Structures are given as C-alpha cells and as structure tokens.
Protein chains: 2
Amino acid sequence: MAAAEESLRKALAEKQSAVEAQGNAVRALKAAKAAKSEIDAAIEALNKLKLEKSTIEKQLQAAVSGTDSREAFRQAAVNTLERRLFYIPSFKIYGGVTGLYDYGPPGCAIKSNVLAFWRQHFVLEENMLEVDCPCVTPEVVLKASGHVDKFTDLMVKDEKTGTCFRADHLLKDFCNDKLPNDLSISAEKAAELKHVLAMLDDFSAEELGAKIKEYGITAPVTKNPLSDPYPFNLMFQTSIGPSGVSPGYMRPETAQGIFVNFKDLYYYNGNKLPFSAAQIGQAFRNEISPRQGLLRVREFTLAEIEHFVDPEDKSHPKYSEVANLEFLMFPREEQMSGQSAKRICLGDAVSKGIVNNETLGYFIGRVYLFLTRLGIDKERLRFRQHLANEMAHYAADCWDAEIECSYGWIECVGIADRSAYDLRAHSDKSGFPLVAAEKFSEPREVEKLVIAPVKKELGLAFKGNQKNVVEALEAMNEKEALEMKAALESKGEVEFFVCTLDKNVVIKKNMVSISKEKKKEHQRVFTPSVIEPSFGIGRIIYCLFEHSFYTRPSKDGDEQLNVFRFPPLVAPIKCTVFPLVQNQQYEDVAKVISKSLTAAGISHKIDITGTSIGKRYARTDELGVPFAITVDSTKDVTIRERDSKLQIRVDVEEAASVIKSVTDGHRTWEDVWANFPHHTSGSSDD
Amino acid sequence: MAAAEESLRKALAEKQSAVEAQGNAVRALKAAKAAKSEIDAAIEALNKLKLEKSTIEKQLQAAVSGTDSREAFRQAAVNTLERRLFYIPSFKIYGGVTGLYDYGPPGCAIKSNVLAFWRQHFVLEENMLEVDCPCVTPEVVLKASGHVDKFTDLMVKDEKTGTCFRADHLLKDFCNDKLPNDLSISAEKAAELKHVLAMLDDFSAEELGAKIKEYGITAPVTKNPLSDPYPFNLMFQTSIGPSGVSPGYMRPETAQGIFVNFKDLYYYNGNKLPFSAAQIGQAFRNEISPRQGLLRVREFTLAEIEHFVDPEDKSHPKYSEVANLEFLMFPREEQMSGQSAKRICLGDAVSKGIVNNETLGYFIGRVYLFLTRLGIDKERLRFRQHLANEMAHYAADCWDAEIECSYGWIECVGIADRSAYDLRAHSDKSGFPLVAAEKFSEPREVEKLVIAPVKKELGLAFKGNQKNVVEALEAMNEKEALEMKAALESKGEVEFFVCTLDKNVVIKKNMVSISKEKKKEHQRVFTPSVIEPSFGIGRIIYCLFEHSFYTRPSKDGDEQLNVFRFPPLVAPIKCTVFPLVQNQQYEDVAKVISKSLTAAGISHKIDITGTSIGKRYARTDELGVPFAITVDSTKDVTIRERDSKLQIRVDVEEAASVIKSVTDGHRTWEDVWANFPHHTSGSSDD
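Computed from a predicted structure; not experimentally measured. (Residues numbered from 1 in each chain as written. Chains lettered and ligands numbered in written order. Predicted model: local features only at pLDDT ≥ 70, side-chain atom pairs only at ≥ 80, totals over all residues. Heavy atoms only, no water.)

Q: Go over the relation of the copies chain A and chain B with me, naming the residues and quoting the values.
A: Mapping between the two chain copies consists of a rotation about an axis together with a translation along that axis. Taken as rigid bodies, chain A and chain B are interconverted by a rotation of 180° and an axial shift of 0.1 Å, the fit giving an RMSD of 0.2 Å. In the structure described here, the two chain copies are related by an operation that fits a two-fold rotation axis. The C-alpha atom lying nearest the rotation axis in chain A is that of Thr238(A); the distance is 2.6 Å. An overlap of 100% is found between the interface residues of chain A and their copies at the interface of chain B, pointing to a shared contact surface. (Least-squares fit on C-alpha atoms with pLDDT ≥ 70 in both. Contact = heavy atoms within 4.5 Å.)

Q: I'd like to hear about the sheet that holds strand S12 (residues 326-330) of chain B, residue by residue, with values.
A: Residue and element names in this part refer to chain B. One open sheet accounts for 9 strands, arranged S3-S10-S11-S21-S16-S15-S14-S12-S13; its pairing is mixed. In this open sheet, the two edge strands, each paired with only one partner strand, are strand S3 (129-130) and strand S13 (342-345). Pairing geometry for strand S14 (residues 381-385) and strand S15 (residues 397-405), over 5 bridges, is antiparallel. For Arg 382, the partnering residue across the bridge sits in S15 and is Glu 402. Against the sheet, helix H14 (residues 358-374) makes contact with strand S10 (275-284), strand S11 (299-309), S12, S14, S15, strand S16 (408-417) and strand S21 (529-536), and its axis sits at roughly 145° relative to S16, the strand it touches most. (Pairing = 2+ DSSP bridges. Helix = DSSP H or I, 4+ residues; strand = E, 2+ residues; numbered from the N terminus. Axes fitted to C-alpha atoms, helices over the stretch in contact; angles between N-to-C directions.)

Q: Lay out the side chain of Glu130(B) in plain terms, naming residues and giving numbers.
A: Residues and elements named next belong to chain B. Examined against the element boundaries, Glu 130 turns out to sit in strand S3. With a relative accessible area of 9%, Glu 130 lands in the buried category. Within the structure, Glu 130 has its side chain in polar contact with the side chain of Arg 119 (distance 2.8 Å). (Buried < 20%, exposed > 50% of the residue type's maximum accessible area, 1.4 Å probe, protein only. Polar contact = N/O pair within 3.5 Å; in protein donor to acceptor, adjacent residues only side chain to side chain.)

Q: Please set out the interface of chain A and chain B residue by residue, giving values where relevant.
A: Taken residue by residue, the interface counts 73 residues in chain A and 73 residues in chain B. Counting each side, the surface lost to burial between chain A and chain B is near 6200 Å², with a carbon and sulfur contribution of 65%. On the chain A side of the contact with chain B, Ile93(A), Tyr94(A) and Tyr268(A) bury the most area, a combined 13% of that side's loss. Applying the counting rule to chain A against chain B returns 4 salt bridges. With a shortest N-O distance of 2.4 Å, Lys111(A) and Asp132(B) are connected by a salt bridge. The interface formed by chain A and chain B contains 20 residue pairs in polar contact (both at pLDDT 80 or more). (Buried area = accessible area lost by both parts, 1.4 Å probe. Salt bridge = Lys/Arg side-chain N within 4 Å of Asp/Glu carboxyl O.)

Q: Could you give an account of unusual backbone geometry, naming the residues involved and the relevant values?
A: Across the junction of Leu273(A) and Pro274(A), the peptide omega takes the value -10°, indicating a cis bond. The topology assignment puts Pro274(A) in the loop between helix H11 (262-268) and strand S10 (275-284). In this structure, Lys33(B) is a non-glycine residue whose phi angle is positive, near 50°. Mapped onto the elements of the fold, Lys33(B) is located in the loop between helix H1 (2-31) and helix H2 (36-65). One non-glycine residue, Phe91(B), lies in the positive phi region at around 55°. Mapped onto the secondary structure, Phe91(B) falls in the loop between strand S1 (87-89) and strand S2 (101-103).

Q: Describe the sheet that holds strand S24 (residues 575-579) of chain B, naming the residues involved and giving the relevant values.
A: Strands in a sheet are paired, the pairing made by backbone hydrogen bonds, and the direction either parallel or antiparallel. Residue and element names in this part refer to chain B. As summarised here, the arrangement of the 5 strands in space is S25-S24-S26-S27-S28, forming an open sheet in which the pairing is mixed. Single-partner strands in this sheet number two, and they are strand S25 (604-606) and strand S28 (647-651). This sheet shows a mean twist of 25° between the axes of neighbouring strands, independent of strand direction. Examined bridge by bridge, strand S26 (residues 627-631) and strand S27 (residues 636-641) share 4 bridges and lie antiparallel to one another. Pairing of Thr 630 across the sheet is with Thr 638, part of S27.

Q: Outline the environment of Asp149(B), supporting the account with residue identities and numerical values.
A: Residues and elements named next belong to chain B. Along the chain, Asp 149 falls in helix H6 (residues 147-150). With relative accessibility at 49%, the residue Asp 149 sits in the partly exposed group. In sequence terms Asp 149 and Asn 233 are 84 residues apart; their C-alpha atoms lie 7.9 Å from each other.

Q: Run through the UniProt feature "domain: Aminoacyl-transfer RNA synthetases class-II family profile" (unreviewed entry) in chain A, naming residues and quoting values.
A: Residues annotated by UniProt as "domain: Aminoacyl-transfer RNA synthetases class-II family profile" (unreviewed entry) correspond here to residues 75-553 of chain A. Its end C-alpha atoms 18 Å apart, residues 75-553 of chain A is made of 35% helix and 30% strand. (UniProt positions renumbered as here; feature names shortened; annotations may be inferred.)

Q: Can you tell me about the packing of helix H7 (residues 167-181) of chain A against helix H8 (residues 187-199) of chain A, naming the residues and giving the values?
A: Residue and element names in this part refer to chain A. Running from amino to carboxyl end, H7 crosses H8 at an angle of 145°, the nearest separation of the two axes being 10 Å. With respect to the hand of their crossing, H7 and H8 are arranged in left-handed fashion. Between H7 and H8, the residues in contact are Leu 171, Lys 172, Phe 174, Cys 175, Asn 176, Lys 178 and Leu 179 and Ala 190, Leu 193, Lys 194, Val 196 and Leu 197, respectively. Here the contact of H7 with H8 is built from residues that sort into 8 nonpolar, 1 polar and 3 charged. (Left-handed = near helix turned anticlockwise from the far one by under 90°. Nonpolar A, V, L, I, M, F, W, Y, C, P; charged D, E, K, R; others polar.)

This is how it looks when you write it as structure tokens:
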C-alpha cells in the first residue's frame with residue numbers, strides 16, 4: 001500500500017507539471033493568435049491531462065484513506081441502530097450531551113443478555129466471587145491507585161473562547177486530514193506525518209506542543225491560537241457529605257473496589273489462592289471531547305475480573321481446556337518488525353513464552369470463547385500484546401482483545417498481569433497488609449540477616465543524630481550489611497553514608513552487630529499477583545452490532561433491507577408471533593403461544609397489525625429477532641429462521657418448546673430443520 | 001400502649017413521692033436516735049420502695065421503646081450478614097465512608113437474583129420497554145424535574161466545628177431519647193414530644209429551628225450551639241467536560257431518563273397507549289448523615305416503572321388477575337382516625353374508590369406478589385396510602401409498600417399516580433411536546449372559541465401598547481371572552497385589565513371579534529398520565545435478610561446456629577456438594593455432580609474441607625443455601641433441605657436435575673419428599 005501510494009504521488013506530481021506545461025502552451029498559442037483548430041486541439045489535450053490528473057488524485061485519496069466504503073457501512077448500521085432505539089444520544093430533547101448514550105429497549109435487552117452470559121461464562125463457570133461496590137469513591141482510594149495523579153489526558157484550550165480539545169486528537173486530525181487531501185505534500189512529508197500518527201501515544205506535553213506549533217495547528221472552527229498542552233484529570237469529581245471537605249470521584253474503573261476488599265475475599269475463600277473476584281458496574285471518564293459514538297463515552301459498563309495468584313505459581317488447573325485453541329495473535333515482535341497478526345495455537349504461545357504464563361493464557365482463551373460465542377467474527381478479532389512502552393512498569397505482560405470495526409481495530413478487553421502492584425499500593429497507603437500466606441506442612445529452616453544496632457554506643461557517639469543512624473543501619477540490604485560486617489571485622493571501623501543526615505559517619509565495631517541466624521518459619525507471607533481481564537461492555541456491544549449487520553434485497557428487489565444476525569443467545573427478542581391475517585381465531589392462537597413463551601421465560605413480541613407479512617419480517621429482521629412464528633392455522637404454525645429464511649411446520653402446542661430449545665442452545669436450527677416438515681408456501685417473504 | 005404508658009408514668013411519680021417520704025422518715029428516725037431495729041425496718045421499707053420504683057422504670061422504658069429485643073435480633077442478623085460478606089462497609093481498610101456499602105459474594109448473588117426476578121415478573125410479563133440511561137445528568141434535566149430547586153433536607157451546623165447534621169434527626173433523637181430515659185417528664189410533656197415526632201416531616205425550617213431552640217438541643221458530642229436550619233441539596237454535583245461551565249449531577253432517581261425519551265418510546269410502541277417503560281440502575285443521594293445501615297445510603301439501586309396511560313381511561317386489561325388478592329392495607333382514613341392497617345380485598349379497595357384507579361390497583365397487586373414471592377413475610381407487609389399532606393400537589397394517589405423490620409415500618413416501594421406532571425415539566429422546559437394522540441375513527445365536530453383582535457383599530461387606539469393589549473385579549477379564557485362578547489354587544493365597550501400594562505383600558509366593539517366556531521378534529525392530543533412503581537432494591541433486600549433470619553439450637557444444644565430461610569429463587573447459592581468423608585472416589589463423584597450443576601446453570605459450592613458434616617451444614621445454613629448434596633456412596637447421594645433438615649436419597653445421575661427442578665420452581669420440596677426414598681442415618685446434623 002505504502003509503495004503504491006508513493007508511486008501515485010510521483011505520478012501526480014508529473015501529471016501536474018504536464019498540465020502546467022500544456023496550459024502555458026495554450027496561452028502561448030492564443031497570444032500568437034494561432035489557428036482556431038490548433039488552439040482547440042491544444043485545449044483538448046489540456047483537458048485530457050486534467051482528467052488524468054483527477055483520476056490519479058482519486059486513486060491516491062482512496063489509497064491513503066480507504067475509508068469511504070467503511071463510512072457508508074457504518075452510516076447504514078448506525079442509522080438502523082438509532083432508528084430502532086438500540087441506542088440513542090441521551091437527553092436528546094435538551095440537545096444531548098456528547099459522550100452519553102441511552103440504550104433503548106432492544107439495546108438494553110442485548111446488554112442484559114451479554115452480561116448474563118458473562119456471569120455464566122466467567123463467574124459461575126469459575127466460581128468467582130462477585131462483588132458490587134459503589135461508584136462514589138473517596139479520594140484516598142484513588143490517590144493510592146494513582147488515578148488522582150496520573151489519570152489524565154493532555155488538553156489545549158482555544159485561547160480566545162476557552163473551548164477545550166484533546167491535544168493528541170488535534171494533531172491526529174491534522175495528519176489524517178493532510179495525508180489524503182493535501183496531494184501536494186512530498187513523499188518524505190507524508191512519511192513524517194505517518195510517523196507522528198504512530199508515535200502519538202508516546203508524546204509528552206512538550207513534544208505535542210512543539211508539533212502543534214510546527215504545523216501551525218489552530219482551534220477547529222474559530223481558527224484561534226491554542227494554549228500549550230496541559231494535563232486534565234479525567235475523573236468526575238464530587239464531594240461526599242454536606243461539609244465540602246471530603247472530595248470524592250466517580251470511579252474510573254471497578255477494580256479498586258475489589259482490591260481494597262482483598263483480605264475479606266481471601267478469608268471468604270478459606271484463605272486459599274488462587275481465586276477470582278469479579279465486578280460488573282458503571283465507570284466514568286470525563287472525556288475532554290468524546291467522539292466515535294459508543295466507543296468513547298463518559299459513562300460505561302465495565303465487567304472486571306481480578307484473579308489473585310501466588311506469584312511463584314501461575315499455572316492454571318483448567319489451562320488444558322483452552323491450550324488447543326488457535327486464533328489471531330499479534331505478539332510484540334511481529335508488531336516491531338512490521339508484520340501482521342497471525343494465527344497461533346495458544347498452547348504454543350504459552351510454551352514459547354510469548355504469553356507470560358499459563359493463567360494469563362487461560363484467560364486469553366476464555367475471552368476468545370466468550371467473544372466468538374457472542375457473535376464476534378473470528379476473522380476480525382485479534383489478541384495484541386502491549387509493546388514495552390505501552391505497559392505500566394510493574395506489569396508482567398498485557399494483551400488486548402481487539403475487534404476490527406469501521407473505526408479500525410478497537411481495544412475491547414484488556415488482559416493484564418499487573419503483578420503485585422495494586423495490592424501493594426493499597427497496603428502502603430492504608431497501612432493494612434493485603435497479603436496471603438502459604439502454610440508449610442512442616443516448618444522450614446531459613447537463614448535471616450539480623451542487624452542489631454547497639455543503641456548505647458551509637459547514642460554516645462552521635463547524640464541527637466542517633467535515631468537517624470539506627471534507621472539507616474537497619475535499612476541496609478543484605479549485600480550492604482555483609483560488606484559492612486566484613487569491613488568491621490577487618491578494619492574495626494567503616495565510613496557509612498546516612499541519607500537522612502546527608503553525610504558520612506564512622507561506624508565502629510562495637511556500634512552494631514551483624515549476623516546471619518537460622519530461623520524456623522511456618523509459613524511464607526507474600527503479596528499475590530493480580531491477573532486482570534477487563535471488559536468494556538459497550539465497546540463489545542458496538543462491535544457486535546457492526547459484525548451482525550448486513551443488508552439484502554427485498555423480495556421485489558426494489559430496496560435493501562437491514563438485518564442483524566445476532567445469535568439467539570444475545571438477540572434482544574427471541575421470537576415474534578403473528579397471525580397471517582387479521583382473524584379472531586388466529587389471534588387467539590397467537591395469544592396462547594405468547595403465554596407459553598412468557599411461561600418459558602422467552603422474550604417475544606406479538607404483532608397483530610394488519611401490515612403485510614413481508615413488512616413484518618423486515619421489521620423483525622431489523623431488530624435481529626432470530627425466529628418468527630406465523631399463525632396460519634389453528635393446528636400448526638410456521639416457524640421461520642431469520643438468516644436462511646427457511647421455514648418449518650410445527651404443532652401449536654410444540655411451538656414454544658421448539659423456540660425454547662433453539663434459543664437456549666440445546667438444539668441447533670439445522671437439527672430442527674432436519675426433524676420437522678418444511679414449509680414453502682406463498683406466505684413467505686420470498 | 002399509650003394508656004399503659006400514661007398509667008406507668010403516674011405510678012412512677014407516686015412511687016417517687018413514697019420513696020422521698022420514706023427517706024425523710026428514715027432521716028427523722030436517725031435524728032431522733034430511735035431504736036436500731038426500728039431504723040432497720042424503716043430502711044428495709046425504703047429499699048423495697050426503691051426496688052419497686054426501679055421495676056416500674058424498667059416497665060416504662062420497655063413500654064416507651066419496645067426496642068431491646070428488636071435490637072438484639074438486628075445485632076445477631078447484622079453480625080452474620082457482615083461476617084459472611086452479604087454486605088460490608090465500603091473502603092473498610094481506609095476507615096469506610098458512611099452510607100456506602102459493598103455487596104460481597106452472597107449479597108451480590110441475591111441482588112442479581114432479585115433483579116432477574118424483577119425483570120421476569122415485570123418487564124417480561126408486561127412486555128415493558130426497558131431502557132438504560134446514564135447516571136451523569138446535565139443540570140437542565142433536573143432543573144425541569146424540580147430536583148435542583150427542591151431536592152433538599154434541612155441541615156444545621158455545629159457553630160464551632162462546622163459539622164453538619166440533619167435538623168429533623170436531631171429533634172427526633174432528642175424526643176426518642178427523652179421519652180424512655182427522662183422518666184421525670186409529665187404525661188403532657190410526653191404527649192407533646194410524641195406529637196413532635198408525628199409532625200416531624202411537616203415542619204418548616206423556621207418551625208424546626210424554633211423547636212431546637214425551645215428544647216435547648218446542641219450539637220452531639222461537642223455540645224456546641226447549632227446554626228439555624230437551612231436547605232442542603234442532596235444531589236452529588238459534578239461538572240461535565242473539561243470547561244467547568246456545564247454543571248451536572250449524579251441522578252437522584254432513574255425516572256427522568258425515561259420521561260425525556262417518552263416520544264421515542266411511544267413511537268417504538270407503535271404510537272399506542274398504555275405502555276410501560278422500565279429502568280434498573282444506580283441512583284445517588286448525598287445524605288447529610290446516613291444511618292440505619294442499608295436502609296439509608298448514599299448510592300443505591302433503583303428499579304423503576306413508568307406506566308403511561310390515557311388520563312381518561314385508567315382501566316387495566318389484566319386487572320382481574322389481581323382483584324381477588326387480599327392483604328394488609330392502610331388507607332388514609334384509617335391513619336387519620338388512629339386505626340391500624342387492615343386486611344382488605346384489593347378489588348373492594350378499587351371499587352370503593354379507596355385506591356384511585358384500576359391501573360394503580362393492578363400495580364399494587366403485582367408488587368404484593370413480587371415481594372411475597374421473594375420471601376417477604378405477608379404479615380409484615382402493608383400498603384400505606386399517602387396522607388394528603390405527604391403527596392405532591394399533582395399526584396392523584398400514592399401508596400407505599402412498607403415492610404416491617406427491626407427499624408420499624410420501612411418504605412420499600414412507592415406506587416404513585418403522578419398525573420401528567422413529569423411529561424409537562426419536560427415539555428415546558430425543552431419546548432419539545434411530550435404528548436400522545438388518540439386518532440378518531442372518524443372526524444369529530446368540536447366547538448372552539450375564536451378570539452380575533454382587530455390589530456388596525458387597536459393600533460390606532462393604543463399605539464405602542466398595542467402588542468400588550470392583543471396578547472391580553474388572546475389570553476382570555478372561555479368565560480372571560482364570553483362575558484366580554486356579551487358586554488360589547490350590550491354596551492358597545494368594556495373596561496379591560498391588561499396585566500402587562502398594569503392598568504385598565506377601554507375595548508370597543510370594533511377592536512375584537514369573539515365567536516364560537518365549529519371545527520372538525522381528527523384526533524385528540526393530550527399529555528399522558530404516569531403511574532410509577534419505584535423499587536428501592538437495597539431496602540427490599542435488607543428487609544428480606546431480616547425476614548429470612550432465624551436461629552436454632554445446634555445438635556448438642558450448646559450454641560445457637562444462624563439460618564437464612566431464603567426461597568430457592570433468591571438464595572445466593574442453590575446447593576452445596578460435599579463428600580461425607582475425605583476420599584478420592586467421593587470427591588470424584590462430587591466433581592461430576594458439580595459439572596452437571598454448572599451445565600444446568602445452578603450456582604453451587606463444593607466443600608472438600610475435612611470439617612464435620614454438622615459444621616458444614618451450619619456453614620451453608622448461614623448462607624441460606626437451600627439444598628445440600630452429601631456424597632456418601634458412588635451410586636446415590638443424600639439431598640438435605642435446609643429448614644426441615646429432611647433428607648432424601650437420589651441417584652448420582654439424577655441429583656443435578658432434582659436440584660434444578662426444585663430451584664427453578666418446577667417442583668416443590670414436598671413433591672420431591674413424597675417421591676424419593678428418605679434418609680435417616682447418622683450422617684445428619686441432628
């Protein structure tokens with residue numbers, strides 16, 4: 001692609017020169033009052049050159065952006081989604097608020113189906129400890145986690161109006177706009193802009209500010225100058241209680257509620273590791289300028305798992321159940337060397353050390369199964385490893401489940417081995433040890449270093465500074481202490497730097513005793529590692545919408561009809577029931593079937609409007625309803641499957657239970673199709 | 001009770017006098033140096049009187065408070081709930097935040113079971129349109145709803161430390177403390193304090209302030225003087241976006257999200273009334289000083305239904321399904337006349353007009369079924385009608401489902417007919433008409449008043465004031481216009497007050513034409529009424545905890561064991577599985593059963609610790625697990641029911657399906673008990 005683009009830029013520059021030369025030629029002929037036929041021929045040649053130039057321009061535009069067809073697809077999907085109330089901008093009658101969306105009835109049903117399946121697939125299957133903590137969080141908790149200090153985006157302000165923008169977004173927009181539209185830029189300049197795009201996440205405030213100045217980027221719309229970039233904290237701040245002295249925030253993630261409860265949960269689990277805790281709930285990020293619809297919003301549902309594990313044993317008992325899975329993975333090395341994601345067997349990735357450990361691998365496998373069972377396309381799902389510069393310093397390894405949609409590859413699930421960072425941070429801040437213990441079956445002998453300062457001698461020597469010297473001695477690590485011991489034994493005294501005094505002191509042999517002692521220990525106390533799969537439910541749902549959406553021609557071929565191919569598991573409504581014609585008998589049968597569906601817990605809809613059967617099918621296809629029951633007799637009815645449009649005949653009494661078995665997943669449609677009489681009458685929509 | 005209390009106060013006053021008199025007598029005898037035997041006898045009599053006085057004091061205390069046994073019960077329940085992590089104070093390692101609680105694993109499971117049943121019982125059963133809106137809400141929405149101006153509690157401040165208190169709570173505490181503990185107060189004073197308690201909710205800031213002054217109430221702990229009461233808004237405020245100029249709040253209820261979407265939902269429902277919309281979600285109230293555990297918290301889950309209905313037709317098609325229900329109701333009249341709640345047939349209450357309309361009655365009945373199926377005790381559940389002074393001016397009728405627990409009768413569900421208030425408020429504020437239309441099958445002729453000011457004449461007469469006069473004329477209601485018409489016809493002119501000019505003007509016959517014209521109308525456009533059942537999920541769950549909790553002696557009778565009698569529907573874990581003894585074969589069987597339970601979607605727990613079977617039963621009883629499978633052979637197993645402690649024998653292969661049928665509600669335990677062999681061996685806990 002890059003090579004094609006480069007040669008197109010060259011061709012365009014050549015064609016531009018040719019156009020200019022021919023333009024000059026035409027002008028010269030006119031000035032020389034040449035024959036009309038001669039001038040006309042020159043103009044014709046000029047027009048031909050211009051046409052050729054415009055064709056190359058279009059090719060270059062397409063090569064650079066490749067977004068036209070994607071955007072058309074997205075527009076069609078989003079139109080349907082908003083029109084059928086899958087989701088809509090919140091508070092629309094008041095003009096809406098960017099970054100806030102409502103799920104209408106079908107969207108809300110899908111969300112609750114996705115969450116129910118998440119509970120089934122993760123919480124129930126793994127016996128996880130699910131908790132439910134408040135969104136309002138006191139400052140101290142988010143100070144410990146680092147969010148108060150570091151959960152920021154770089155912002156610039158329109159210097160005249162005060163309007164705020166994300167600094168990286170403006171730079172990104174500038175590059176993305178320049179590349180396809182300013183066809184005059186050189187191949188070198190194009191390469192530079194692409195490099196900027198790739199490095200965007202790594203830029204410091206200073207680097208971003210410098211680029212914005214260099215490119216002369218101004219505020220959108222007003223074109224006013226911009227301030228230097230500065231960090232803006234993304235948490236919604238509030239105040240807890242009436243006094244105004246207890247700052248709080250709306251949580252930016254659900255994980256902290258689990259970490260602070262570690263000790264209770266560990267106890268609940270019989271003081272045994274490993275175990276997982278889980279939480280589903282709202283999280284909040286006060287984005288500077290949200291865009292991309294459901295993908296970047298100010299309030300969203302997270303489902304998070306914190307798996308606590310002994311850092312010395314990250315094996316997983318059920319690992320073998322996923323080890324043979326094979327799917328698209330995008331390890332660090334492939335990214336660095338410019339390759340693309342490739343199909344890898346999960347077990348190989350773990351055994352080769354590409355994936356850090358078995359437990360991390362197990363969760364990657366489970367996430368793959370979760371997403372594909374929801375209906376995410378296997379071919380547009382990849383697991384991308386974080387590059388070294390993307391990962392927090394404490395993280396052992398991190399993989400994102402990325403789903404490709406019209407906006408590109410979107411991070412929907414993060415699966416990180418966060419080591420002991422979070423529990424340590426809260427232990428330090430609260431003074432409450434969040435640790436686990438491995439009890440030894442019999443006591444083990446361990447050698448421990450003992451540093452015993454002789455306070456009397458130190459007091460005599462250092463008077464008021466005695467305490468600083470004592471603390472500095474006790475803070476020595478094993479290596480330092482053993483070196484001092486050796487020095488004292490050989491030379492009788494040693495120079496020692498006390499950092500709290502900022503000077504060297506002389507330590508004599510009688511001032512400290514350093515020895516190694518053998519001790520019996522009954523247990524090993526340690527801070528567990530945390531492996532965290534974290535699911536952005538709204539993003540998953542949006543990608544699912546796009547992967548499920550397609551159009552097909554109507555029966556008459558005069559329009560394109562919209563369909564969502566949701567699997568029954570997530571479909572908002574499992575079944576519609578309609579009488580073929582308006583008729584009391586058929587309506588009664590429809591109501592009887594509806595009652596049995598309700599009793600079986602199957603969400604459905606009766607449609608007794610008089611519209612044509614074709615229109616009614618089109619309406620339910622657009623909601624992704626997988627099955628439709630048409631009542632065309634009082635004895636048996638027709639069941640139609642959405643995507644194949646195949647139809648079977650089923651007894652009235654059996655209709656609800658057939659629907660139940662295919663929506664529960666106890667039976668496939670293929671199985672049903674093989675076992676019931678087929679229907680091929682004109683009542684169908686095609 | 002009140003009468004008993006009064007006579008006890010009298011008896012206490014008499015006994016006090018007797019003690020004083022006898023005291024004087026003893027002193028007199030001592031002063032007169034009477035015989036030792038005589039003095040001793042007098043002292044004995046004094047001590048006897050003192051003892052009698054103390055007995056009366058205790059009786060009075062019990063009569064006034066009646067809370068001792070309740071508090072002991074609550075303490076036992078809450079201890080168990082917190083120890084087993086049903087719920088715990090949030091952020092405990094940082095000292096917690098009052099009014100914020102976490103649900104631990106069993107509490108979280110119960111909450112999700114309650115919500116799943118709510119969805120089944122309301123949303124699915126009635127085909128409600130469920131939506132999911134954000135918690136972050138822009139100011140304009142809550143300005144329209146009245147929350148920005150009126151969602152307040154009266155607060156007083158410690159004038160020295162600045163600590164805040166709810167004014168009514170301090171007054172309430174004062175009365176509640178004075179009544180049982182200051183036994184010297186007169187019966188009149190006691191009556192006054194009780195009156196204050198009853199009127200507390202109606203007091204204005206001035207009245208509350210006056211009472212606080214009158215009783216000399218000071219700040220708790222510090223005893224500093226208090227400020228006058230002033231309103232504090234209970235919403236958590238925040239700021240949307242980075243500019244700081246868009247105030248927002250965390251929603252205090254979920255209802256507003258539904259109201260602002262009325263038009264879209266109405267369209268989604270095929271422009272037909274009635275329909276219900278529903279929402280489950282977090283709501284926030286920044287309480288001044290939260291107490292009573294889960295009952296008054298700063299963040300909670302609400303489940304709300306907004307049923308939109310034609311104000312001219314509040315019948316309900318399924319009303320007959322609940323009309324025969326009979327339960328405790330507490331109509332306005334019974335409350336005013338000092339009677340207690342009584343058992344009333346719902347159908348009678350509706351037909352006699354005690355309940356305003358059928359739809360309101362239908363929802364009261366459905367709420368009754370919902371709560372009792374969850375496990376709320378019928379005898380401690382009543383529906384209390386709001387008194388006239390409790391209801392908003394626009395409300396047509398309002399009933400609270402109140403559940404009695406150790407804190408008294410607690411409002412858990414409010415069922416209100418809010419008329420057209422909410423939709424009108426948002427129509428007015430947004431300028432977007434939230435209305436419905438009834439299409440007539442054929443056009444109807446209606447008579448309409450037409451007021452046509454003659455602008456030319458008015459302009460000549462009133463010059464620059466013409467516009468004010470025109471608007472005033474057009475704003476006349478029908479009565480005023482017809483009176484003017486008559487006056488103009490009889491007298492030719494009439495005095496007319498123009499409020500925007502604040503003076504009378506003379507209107508002549510040629511300045512306005514007033515007539516009644518017949519028009520054909522094709523539809524009736526109106527603002528729907530809203531009937532709103534609103535569920536405080538946390539409160540319902542807390543009451544359910546108390547109603548389910550009981551203790552019973554252990555097998556040896558040496559301790560009281562805790563049990564929660566949760567119905568299988570809400571039980572956090574449906575079943576435990578344990579091998580009778582530690583043994584590989586039994587463990588394998590337990591794992592096989594566990595796998596089938598997981599496949600059947602039944603939450604369960606395996607316990608392979610070596611503790612005694614009795615202890616293991618006690619542990620699961622304390623979590624309210626209804627069934628336990630003990631593996632004591634490789635062929636068949638024992639299933640024990642929690643409350644009856646009865647046990648049956650079931651084939652290993654059948655165990656999971658038996659558990660599934662009794663937890664799904666497809667079979668009762670009685671039915672199972674009648675159909676399987678019984679088990680009576682020593683493996684039982686008693």
